[in-house]
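# Coordinate inspection notes
Chain residues, written in single-letter form:
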Amino acid sequence: MIIILLGAPGAGKGTQAELLCEQLGVVSIASGNLLRDNIRNGTPLGVRADEYMQRGELVPDKLVIDMLTARLKAPDVARGVILDGFPRTVGQAEALDSTLAAQGRRVDRALYIKVDTETLLDRLSGRWICRNCQTSYHEKFNPPRVSGVCDVCGGELYQRNDDRRDVMENRLRVYFEQTLPVIQYYRDNGTLIEIDGTQDIEKVNADLLAAVGPIPAVVAEGVADSSAA
Ligand code: AP5
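Residues numbered from 1 in each chain as written. Predicted model: local features only at pLDDT ≥ 70, side-chain atom pairs only at ≥ 80, totals over all residues. Heavy atoms only, no water.

### Remarks on the sheet that holds strand 8 (residues 192–196)
The parallel open sheet is built from five strands, whose spatial order is 2-3-1-4-8. The open sheet has two edge strands, strand 2 (27–30) and strand 8, and neither has a second partner. Within this sheet the neighbouring strands show an average axis-to-axis angle of 20 degrees, counted without direction. As paired elements, strand 4 (residues 109–114) and strand 8 share five bridges and run parallel to each other. The residue bridging Y112 from the neighbouring strand is E194, located in strand 8. Along the sheet, helix 8 (residues 201–212) contacts strand 1 (2–6), strand 4 and strand 8; its crossing angle with strand 4, the most-contacted strand, is approximately 155 degrees. (Pairing = 2+ DSSP bridges. Helix = DSSP H or I, 4+ residues; strand = E, 2+ residues; numbered from the N terminus. Axes fitted to C-alpha atoms, helices over the stretch in contact; angles between N-to-C directions. Contact = heavy atoms within 4.5 Å.)

What follows is the structure, encoded as structure tokens:
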């Protein structure tokens, strides 16, 4: 099963991807996390991506498409995947369709987590992320048990550079200009389902699970495998 999570910066894509991949027994791939790994490791891709990300601009399609196409060939994706943050332009959506078609696959669901701008700004300004496992918290809406420490792995929590107010506003502008057409792309091909992302995390999760529908047998086996391990 190939699931895409769509939504503005701060809509809750990362938070929900983490829940869904555990519930569905599939991996999640977040293009933003892959790019940040490249920056941390000082790769040529990371060096190029960093200048765009610091300004809240999209990294050029060619770089992101090559990175995701390579990742989608890995064996752990065979059972299914949740894509978080990709595609973000119509060019990326078309490239994804071609890559999947070459593997005899297609996007099964495009789940659009819809949230108003004021709520997005509130969420991003209070967000804290684990340096180690990338789990996302919010100082008001989803606080860790111990301030500054990840509940999952004990790692240190930090605030992203691009969650500064000026960069946040630019990320939202870029989203409205370049990513809203992607939502229309999936609406037109009949795979889009809209979810009210202003509800609490558990309710958004329940709506997303309902939108995914019955879990196909191969994925259900994956869940059974992982719970037995
Ligand atoms: P990326 O890392 O993908 O960031 P983003 O899309 O801007 O999304 P965020 O991670 O900010 O938000 P989210 O929706 O995951 O929200 P979260 O769950 O954390 O991209 C960063 C940059 O990388 C881009 O600007 C671009 O430069 C580059 N890039 C990445 N992909 C690219 C691509 N495909 N093409 C080109 N460039 C690319 O939640 C936010 C906060 O709200 C958290 O604190 C959370 O605890 C809280 N929260 C979540 N849900 C709820 C809820 N229901 N109620 C209350 N609080 C909630």
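There's plenty left to go through after this.
### Brief notes about the sheet that holds strand 6 (residues 136–138)
Spatially, the three strands line up as an open sheet ordered 6-5-7, and their pairing is antiparallel. Two strands close off the open sheet at either side, each with one partner strand: strand 6 and strand 7 (157–158). One ladder, built from two bridges, connects strand 5 (residues 127–130) with strand 7; its direction is antiparallel. Bridge assignment links C130 to a residue of strand 7, and that residue is L157.

### Comments concerning the packing of helix 5 (residues 90–102) against helix 7 (residues 165–188)
Taken N-terminus to C-terminus, the directions of helix 5 and helix 7 make an angle of 40 degrees; their axes are 8 Å apart at the nearest point. With respect to their mutual orientation, helix 5 and helix 7 come out oblique. Counted together, V90, A93, E94, L96 and D97 of helix 5 and P181, V182, Y185 and Y186 of helix 7 form the full contact between these two elements. Grouping the amino acids of the contact of helix 5 with helix 7 by side-chain chemistry returns seven nonpolar, no polar and two charged. (Parallel < 35°, antiparallel > 145°, perpendicular 65-115°, else oblique. Nonpolar A, V, L, I, M, F, W, Y, C, P; charged D, E, K, R; others polar.)

### Considering the site of the ligand
Surveying the vicinity of the ligand reveals 36 residues, the closest of which are T15, E57, R88, Y137 and R171. The separation between an oxygen atom of the ligand and a polar main-chain atom of E57 is 2.6 Å. A distance of 2.5 Å is found between an oxygen atom of the ligand and a side-chain nitrogen or oxygen belonging to R88. Notes on the ligand: free accessible area 1000 Å², of which the protein chains cover 96%. Elements with a contribution of two residues or more to the shell around the ligand: helix 1 (13–24), helix 2 (31–40), helix 6 (117–125) and strand 6. Looking at the shell around the ligand element by element, the count peaks at four residues for helix 2. A class-by-class count of the residues in the shell around the ligand yields 13 nonpolar, 13 polar and ten charged. (Near = heavy atom within 4 Å. Polar contact = N/O pair within 3.5 Å; in protein donor to acceptor, adjacent residues only side chain to side chain. Areas by Shrake-Rupley, 256 points an atom, 1.4 Å probe, with all protein chains shown as cover.)

### Let's talk about the pairing of strand 5
Pairing of strand 5 with strand 6 involves three bridges; the strand directions are antiparallel. Paired with R127 across the bridge in strand 6 is H138. In sequence, strand 5 turns back onto strand 6 through a hairpin of five residues, with Q134 there showing a positive phi of about 70 degrees.

### A closer look at the nonpolar core
In terms of nonpolar packing, the biggest core is built from 58 residues, with L6, I82, L83, L96 and Y186 touching the most fellow members. By residue number, the principal contributor to this core is helix 7, which donates seven residues. Contact partners of I82, with chain neighbours within four places excluded, come to I3, L5, A17, L20, C21, L24, V26, V27, S28 and I29. (Core = buried A, V, L, I, M, F, W, Y, C linked by side-chain atoms within 4.5 Å. Buried < 20%, exposed > 50% of the residue type's maximum accessible area, 1.4 Å probe, protein only.)

### Considering helix 4 (residues 61–72)
The end-to-end C-alpha separation of helix 4 is 16 Å, in line with the 16 Å expected for twelve residues at 1.5 Å each. Turning to helix 4, its buried residues number three or more, namely L63, V64, I65, M67, L68, T69 and L72. (Expected span 1.5 Å × (residues − 1).)

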